[in-house]
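Residues per chain, in single letters:
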Amino acid sequence: MKRVRQNLKRQEALRPVKTKMKTLMRSAISLSKEGKKAEAEKLLPSVFKAIDLASKKGIIHWKNAARKKSLVSRTLAAKA
């Protein structure tokens, strides 16, 4: 029972980090697909920062973080 309480508490504490990462990724990808390359490039450092933070906190694996960064970069470069 204690383990369940601890897991719920940790989950609630880490949820905003994952949510912010996903939101920033989605917005950067959608901007690049809409052809707003300049706005997407401005958003890129904050996307990378959010992904790195999630990786550092152990929310996602470091290889998953690298894959996400690569996905955003490739999407942005393809629409260039």
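Shown above is the structure to which this text applies.
Described in the following lines is the structure provided in the data block.

Side note on the packing of helix 1 (residues 2-34) against helix 3 (residues 62-78)
Then step 1. Close contact between helix 1 and helix 3 brings their axes to 9 Å; oriented N to C, the two are set at 20°. Comparing their axes, helix 3 and helix 1 come out roughly parallel. As helix 1 packs across helix 3, the resulting crossing turns out to be left-handed. Across from Met-21, Met-25, Ala-28, Ile-29 and Ser-32 in helix 1, the residues of helix 3 making contact are Lys-68, Leu-71, Val-72, Thr-75 and Leu-76.

A short note on the packing of aromatic side chains
The way to describe two aromatic rings as a pair is by their centre distance and the angle between their planes.
Then step 1. According to the stated counting rule, one finds 0 aromatic pairs in the structure shown.
Then step 2. Seen from the ring of Phe-48, Lys-69 lies directly overhead, with NZ or CZ sitting 5.4 Å from the centre.

Digging into the pattern of salt bridges
Then step 1. A full pass over the atoms with the stated rule returns 3 salt bridges.
Then step 2. With a shortest N-O distance of 2.5 Å, Glu-41 and Lys-37 are connected by a salt bridge. Of the two residues, Glu-41 and Lys-37 both sit in helix 2 (residues 37-56), 4 residues apart, roughly one turn of that helix.
Then step 3. Here Glu-41 falls in the partly exposed class, since its relative accessible area comes to 38%.
Then step 4. A relative accessible area of 33% means that Lys-37 is categorised as partly exposed.
Then step 5. Measuring nitrogen to oxygen at the nearest pair gives 2.8 Å for the salt bridge that ties Asp-52 to Lys-69.

Procedures and definitions
Residues numbered from 1 in each chain as written. Predicted model: local features only at pLDDT ≥ 70, side-chain atom pairs only at ≥ 80, totals over all residues. Heavy atoms only, no water. Axes fitted to C-alpha atoms, helices over the stretch in contact; angles between N-to-C directions. Helix = DSSP H or I, 4+ residues; strand = E, 2+ residues; numbered from the N terminus. Parallel < 35°, antiparallel > 145°, perpendicular 65-115°, else oblique. Left-handed = near helix turned anticlockwise from the far one by under 90°. Contact = heavy atoms within 4.5 Å. Phe/Tyr/Trp six-rings, centres within 6.5 Å; stacked < 30°, edge-to-face > 60°. Lys NZ or Arg CZ within 6 Å of the ring centre and 35° of its normal. Salt bridge = Lys/Arg side-chain N within 4 Å of Asp/Glu carboxyl O. Buried < 20%, exposed > 50% of the residue type's maximum accessible area, 1.4 Å probe, protein only.

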